[in-house]
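Observations on the model geometry
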Amino acid sequence: MIRALAAAAAALTLAAGWATATLAQDNYPSKQITILVGSPPGGPTDTFARLVAPEMSKRLGQTVVVENRPGAAGGIAAQGTLQAPADGYTLWFTTTSHLVIPTIMRDPPPFARDALRPVAGVAYGPGALLASPKAPFSTLEEFVAYAKAHPDELNFGSSGVGSNAHIVMERIMDQLGIKLTHVPYNGNGPAMAALMANEVQVMGGDLGSARGNIQDGTVKAISILALDRSSIAPGVKTADETGLLPGFNPVFYLGFVVRAETPDPIVAKLNGVVDEALAEPAVKEQIEKAQFVVLGGAPEEFRKLYEDDAAATRPILEKLGLVGK
Amino acid sequence: MAELFQHLSTGFGAALTLSNLGFALIGCLLGTLIGVLPGLGAVATVAMLLPVTYGLDPLSGMIMLASIYYGAQYGGSTTAILVNLPGESSSVVTCLDGYRMARNGRAGAALSVAALGSLFAGIVGTLFIAGLGPLLAGVSQRFNSPEYFALMVFGLIGSVVLANGSVLKAIAMVFLGLLVGLVGIDVTSGTLRYTFGSLQLYDGIGFVVLALGFFGIPEIMSNLEKPASTRSVMVASYDSLMPTREEVRRAVPASIRGTLLGSFLGILPGGGGILAAFSSYALEKRVSKTPERFGTGMVEGVAGPESANNAAAQTAFIPMLTLGIPSHPVMALMMGALLVHGMAPGSSIMVNQPVLFWGLVASMFIGNLMLVIINLPMIGIWVQLLKVPYRLLFPAVLIFCCIGIYSVNNSAFEVMLAAFVATLGYVFYKLGCEPAPFLLAVVLGPMMEENLRRSMTLSRGDPAIFVERPICLALLVLSALLVALIALPSIRKRREETFVE
């Protein structure tokens, strides 16, 4: 009797739970949605989140606010996402350097990548290999020849140990068999300044933020780190084209993730809305103006992008002894 | 020269339209307001308004954002003087003598001096941008890692001079500040230091947390421990709001020296504003005939640093506009806004977007003037604020502090951290350990370490890099001289006399 009652109660609870869950999914969204951004205001991550949010809001019929939770290379925003209920009301707008690198580099990791599931990729930015205007080389071929002839002379800058710029350069050195000294700076601004002043001779950077400096000649682009050439520096060959780095395409990408337990219908709905927002001409135009390429597409396409990236990054970090720091 | 006037007339033509004047006014008002509210920074405000500017003409957007930024620098000194709460890092120095002046019944004078000194510095700073921008950008490029290291050494040794009391305690506070500055990710190796496994400490302890925790809140606590009858913040009588002739005579040269120092230090990316204010204070103390009276309400100690930080706030635009390097988080935001408009900051902006560049420069003249016009009549009102009973004033101040701290990173953890820091700050207050050297060490220490280690990496471990470079060597020699000055027995004797008094 008691067992039967318990079973009935359990069944009822389950049913009720299932009912509220479906109800929640059908009503979604019934309140404000928050997008967490792991970097301070300014910069492409924050800018793109604020660009897409109003379009999502229009389509979902609810306010979508962008909240900056800078700190711990995205770790604070990740924590904020994982501590919120898995109901699709808290999204994390993340990037390569926040989603992949810390989970490999830190022990214990600040969060598990598996605890999150992709919603949609938003955009990716092609990279560029930049050099000081005073550097005695202007193409990738010349750079490689110079670096081989003058071992231990050149320095490369980055915006920090384990930053995207650092990892990209390590991948290049690994594939080309050259050795440069890593000089990390506290952020991209100081690193660019050092490049202009020839304190460091090369740096991997994203093309969008270096555009002004490339155009006025305060830094020079010696190679485009993507599969297509760029309108910013049309005369500069891609790394793939030179044959030195076949297929080299270490893009910097941005996209939405949510907690892994978030129900499929909610993820599907969000994915659709992001896709529509990205198709909006004004949004597309602003993203392209910043030299990024619009992504969109199914959630699993975004997962493939970042998991492939993680697979390429892990051996480099292991080799550098940067795993488990 | 003729070319400069032609450029400026283009600029004024663009900035003097009714709508652009309106945006400058909105920016100045908003900036003053957030500057006055302790801890509520320009960064958060500019971030919130950024999307609004996407729909505007780029020049109008820039004018509004820029006026918020320097308006906040302006407003920040008001709370520093009235209630000992530094809103921006550079107003920490203003607390030292500004707050004492207010306690001596000279709040109005201190505020007027700060406002007029800032106006003068703002105009000179803007002239620097207009006339020498590209040239100065070149100078800042000669400052590489070794020079930064030497500059930080100089700044840290100078911070000991800042203290009024015991040199030993000041040095101890500098060391403590260096240790606290270590918290977080080490830039050179990527290793975590003193984070105790907490993600919240990865990026170190925020400056606003420390500034409010060490200056403002302990002041409130020590006021509260007095019986209610003697608790009034200020002396009962308020003298005239305007500075006396004697005060003007002392403030003017201080303001000029501060402006020159600030205009130069502002062009160095990173820490320019706070270094400018601190160096100006140290300089005033050094040239003064009565250095022992600093910290008791000296008008030079307000005029110099206030001019220096405002001049630095203006010239901080130079690296952004000419090199595309942001020297302040607000500059980074403004660069983001320019990028969205499809414009890339850098030397090409002067050539390709002359109306934007010169319009912005012209609007800085207009904005600085506007700020004084807005603020001078307000001084009377601010001073009245001090008549509010303390039992009503202090909870309001505390609430604003909490909002301010929270709004920096949207972090509740930092509010709790500030409560802990304030307890510590109260203990230091009781022990007579001054917070200014501590705060300077927290700001400069990490930059010093980073640049030292970076220089050694660049030289492949050869310390000769520090003596081979003229600017670097000169700064290190100056630092050594400063140490000698501090150690000289005659000076030490005078210091001790002051301390006894």
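Structure report, in brief.

Procedures and definitions
- Residues numbered from 1 in each chain as written.
- Chains lettered and ligands numbered in written order.
- Predicted model: local features only at pLDDT ≥ 70, side-chain atom pairs only at ≥ 80, totals over all residues.
- Heavy atoms only, no water.
- Phe/Tyr/Trp six-rings, centres within 6.5 Å; stacked < 30°, edge-to-face > 60°.
- Helix = DSSP H or I, 4+ residues; strand = E, 2+ residues; numbered from the N terminus.
- Buried < 20%, exposed > 50% of the residue type's maximum accessible area, 1.4 Å probe, protein only.
- Patch = residues over 30% accessible without salt bridge, like charges linked within 9 Å, V, L, I, M, F, W, Y side chains within 5 Å.
- Areas by Shrake-Rupley, 256 points an atom, 1.4 Å probe, with all protein chains shown as cover.
- Salt bridge = Lys/Arg side-chain N within 4 Å of Asp/Glu carboxyl O.
- Pairing = 2+ DSSP bridges.
- Contact = heavy atoms within 4.5 Å.
- Axes fitted to C-alpha atoms, helices over the stretch in contact; angles between N-to-C directions.
- Parallel < 35°, antiparallel > 145°, perpendicular 65-115°, else oblique.
- Left-handed = near helix turned anticlockwise from the far one by under 90°.

**With respect to the packing of aromatic side chains**
Residue and element names in this part refer to chain B. A full pass over the atoms with the stated rule returns 16 aromatic pairs over all chains. Ring centres of Tyr69 and Phe317 lie 5.7 Å apart, and the angle between their planes is 80 degrees; this geometry places the pair in the edge-to-face category. Of this pair, Tyr69 sits in helix H4 (residues 58-83) while Phe317 sits in helix H13 (residues 317-323); the two residues are 248 residues apart in sequence, bridging distant segments of the chain. Exposure class is identical for Tyr69 and Phe317. Each is buried.

**Description of the environment of Glu261 of chain A**
By secondary structure assignment, the location of Glu261 of chain A is in the loop between strand S10 (252-259) and helix H11 (264-279). Sequence spacing of Glu261 of chain A and Leu116 of chain A is 145 residues, and the spatial spacing of their C-alpha atoms is 7.9 Å.

**Some points on a nonpolar patch on the surface**
Residues and elements named next belong to chain B. There is a patch of nonpolar side chains on the surface, built from Phe120, Val248, Val252, Ile256 and Leu260 and spanning about 400 Å² of accessible area. In terms of residues, the nonpolar patch owes the most to one element, helix H10 (residues 245-266), which gives four residues. Position of Leu260 relative to the elements: it lies in helix H10.

**Structural notes on the sheet that holds strand S2 (residues 64-68) of chain A**
All names here are of chain A. Pairing in this open sheet of six strands is mixed, and the strands run S2-S1-S3-S10-S4-S11 from one edge to the other. The open sheet is flanked by S2 and strand S11 (293-294), the only strands paired with a single partner. As paired elements, strand S4 (residues 116-125) and S11 share two bridges and run antiparallel to each other. Residue Ala123 lies in a different strand from S11, and its bridge partner there is Val294. Of the strands in this sheet, strand S3 (90-95), S4, S10 and S11 touch H11, which is tilted by about 10 degrees from S4.

**Focus: the packing of helix H5 (residues 92-103) of chain B against helix H9 (residues 207-224) of chain B**
Residues and elements named next belong to chain B. Where H5 meets H9, the axes come as close as 12 Å, and the angle between the chain directions of the two elements is 20 degrees. Classified by the angle between their axes, H5 and H9 sit roughly parallel to one another. Handedness of the crossing formed by H5 with H9: right-handed. On H9, the residues touching Val92, Cys95, Leu96, Tyr99, Arg100 and Arg103 of H5 are Phe207, Phe215, Glu219 and Asn223.

**Topic: the sheet that holds strand S6 (residues 155-158) of chain A**
Residue and element names in this part refer to chain A. Spatial strand order, S7-S6-S8-S5-S9: five strands in an open sheet with mixed pairing. Edge positions in the sheet fall to strand S7 (181-184) and strand S9 (220-225), since each has one partner strand and no second. Neighbouring strand axes in the sheet, compared pairwise and without regard to direction, differ in orientation by 30 degrees on average. By the bridge criterion, five bridges tie strand S5 (residues 127-131) to strand S8 (residues 202-206) in an arrangement that is antiparallel. Within S8, the residue paired with Gly127 across the bridge is Asp206. Packing against the sheet, helix H6 (residues 140-149) makes contact with S5, S8 and S9, and its axis sits at approximately 105 degrees to S9. In this fold helix H9 (residues 207-215) packs onto S5, S8 and S9, with an angle of close to 120 degrees to the strand it touches most, S8.

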